[in-house]
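Structural description and commentary
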Amino acid sequence: MENCVFCKIIAGIIPSPRLYEDDKIIVIRDIEPKAKLHYLCIPKTHFASFSEMDGEKAEIIKHCFEKIPALAGELGLQDGYRVIINQGENGGQTVPHMHIHLLGGEVLGDF
Ligand code: AMP
Ligand code: ZN
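Structural notes, computed from the coordinates. Please read all numbers here as calculations on a predicted model, not as lab measurements.

Another aspect to go through is the overall build of the protein chain. Helix and strand content of the protein chain: two helices and five strands. Rg of the C-alpha trace for the protein chain: 13 Å, near the compact-globule value of 13 Å for 111 residues, within the 12% margin. Along the first, second and third principal axes, the C-alpha set of the protein chain runs to 35 × 30 × 25 Å. When the 111 residues of the protein chain are sorted by exposure, 41% land in the buried category. Sequence separation of 24 or more characterises 53% of the internal contacts of the protein chain that already satisfy a separation of 6 or more. Accessible area of the protein chain: about 6,700 Å², with a carbon and sulfur share of 52%. Where the 11 positive side-chain charges of the protein chain centre and where its 16 negative ones centre are 4 Å apart.

Take a look at the structure:
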């Protein structure tokens, strides 16, 4: 998708080290971390948000949720972490390419 920052990362146009990659997803560090450790799990398929969810896209999100616990240890999240999806304007979503935030590496406060 033209002008999508995450599509550009996936295409290698914007450099961002991939901590994990398979045929469906990548995991990168958030450029503006909101916790000691802050990662983004990003589907390689561009879709904006939950509002575009269908069976095929739900399979990709399911894949993320299967991979996240398996990756938590090597990402330094073994003591726990927070999983966040910001949906739409009121949800604070700033990048309209579906992604899952993983925050941890410290005790997280309320927000
Ligand atoms: P959201 O506000 O839920 O849409 O989250 C978008 C996230 O993407 C924010 O936490 C940004 O810091 C992060 N972000 C934006 N551009 C980049 C980038 N080039 N590399 C890594 N993370 C990014
Ligand atoms: Zn995109």
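Glancing now at the site of ligand 1. The immediate surroundings of ligand 1 are formed by 17 residues, with D30, N86, T94, V95 and H101 found nearest. Between I31 and ligand 1, the recorded distance is 3.1 Å, taken from a backbone N or O atom to a nitrogen atom. Here K34 contributes a side-chain N or O atom positioned 3.1 Å from an oxygen atom of ligand 1. For ligand 1, whose unbound accessible area comes to 510 Å², protein coverage reaches 87%. The dominant element in the shell around ligand 1, judged by the number of residues it contributes, is helix α1 (residues 5-11), at three residues.

A few words now on the environment of R82. Structurally, the position occupied by R82 is in strand β4 (residues 81-84). Separated by 22 residues in sequence, R82 and G104 have C-alpha atoms that sit 6.4 Å apart. Sequence-distant contacts of R82, that is, excluding residues within four places in its chain, are made with H101, L102, L103, L108, G109 and F111. A distance of 3.0 Å separates a polar atom in the side chain of R82 from the backbone oxygen of G109.

Attention now moves to the sheet that holds strand β5 (residues 100-104). Two strands in a sheet stick together by hydrogen bonds in their backbones, pointing the same way (parallel) or opposite ways (antiparallel). With antiparallel pairing, the five strands of this open sheet are ordered in space as β1-β2-β3-β5-β4. With one partner strand each, in any of the chains shown, β1 (20-21) and β4 form the two edges of the open sheet. Sheet analysis places β1 next to strand β2 (residues 25-29), joined by two bridges and oriented antiparallel. Residue Y20 lies in a different strand from β2, and its bridge partner there is V27. On the sheet, helix α2 (residues 55-72) packs against β1, β2, β3 (37-43), β4 and β5 and is oriented at approximately 50 degrees with respect to β2.

Distances from the zinc ion (ligand 2) to its protein donors, C4 (SG), C7 (SG), H46 (ND1) and H97 (ND1), fall within 2.0 to 2.3 Å. Around the zinc ion (ligand 2), the four donor atoms are arranged such that angles at the metal cover 103 to 116 degrees; this shape is classified as tetrahedral. Site description for the zinc ion (ligand 2): donor spacing in sequence, C-x2-C-x38-H-x50-H. You can see C7 sitting in helix α1 and its partner H46 sitting in the loop between β3 and α2, a full 39 residues away along the chain. With a relative accessible area of 13%, C7 lands in the buried category.

Parameters at a glance
- Residues numbered from 1 in each chain as written.
- Chains lettered and ligands numbered in written order.
- Predicted model: local features only at pLDDT ≥ 70, side-chain atom pairs only at ≥ 80, totals over all residues.
- Heavy atoms only, no water.
- Helix = DSSP H or I, 4+ residues; strand = E, 2+ residues; numbered from the N terminus.
- Rg over C-alpha atoms; globule rule 2.2 N^0.38 Å.
- Buried < 20%, exposed > 50% of the residue type's maximum accessible area, 1.4 Å probe, protein only.
- Contact = heavy atoms within 4.5 Å.
- Areas by Shrake-Rupley, 256 points an atom, 1.4 Å probe, with all protein chains shown as cover.
- Lys, Arg positive; Asp, Glu negative; His and termini not counted.
- Charge placed at Lys NZ, Arg CZ, Asp CG, Glu CD.
- Near = heavy atom within 4 Å.
- Polar contact = N/O pair within 3.5 Å; in protein donor to acceptor, adjacent residues only side chain to side chain.
- Pairing = 2+ DSSP bridges.
- Axes fitted to C-alpha atoms, helices over the stretch in contact; angles between N-to-C directions.
- Donors = N, O, S within 2.8 Å, 3.2 Å for Na, K, Ca; no water.
- Tetrahedral: all angles 85-135°; square planar, octahedral: opposite > 155°, others 65-115°.

Function-wise, these values are silent; they only describe arrangement.
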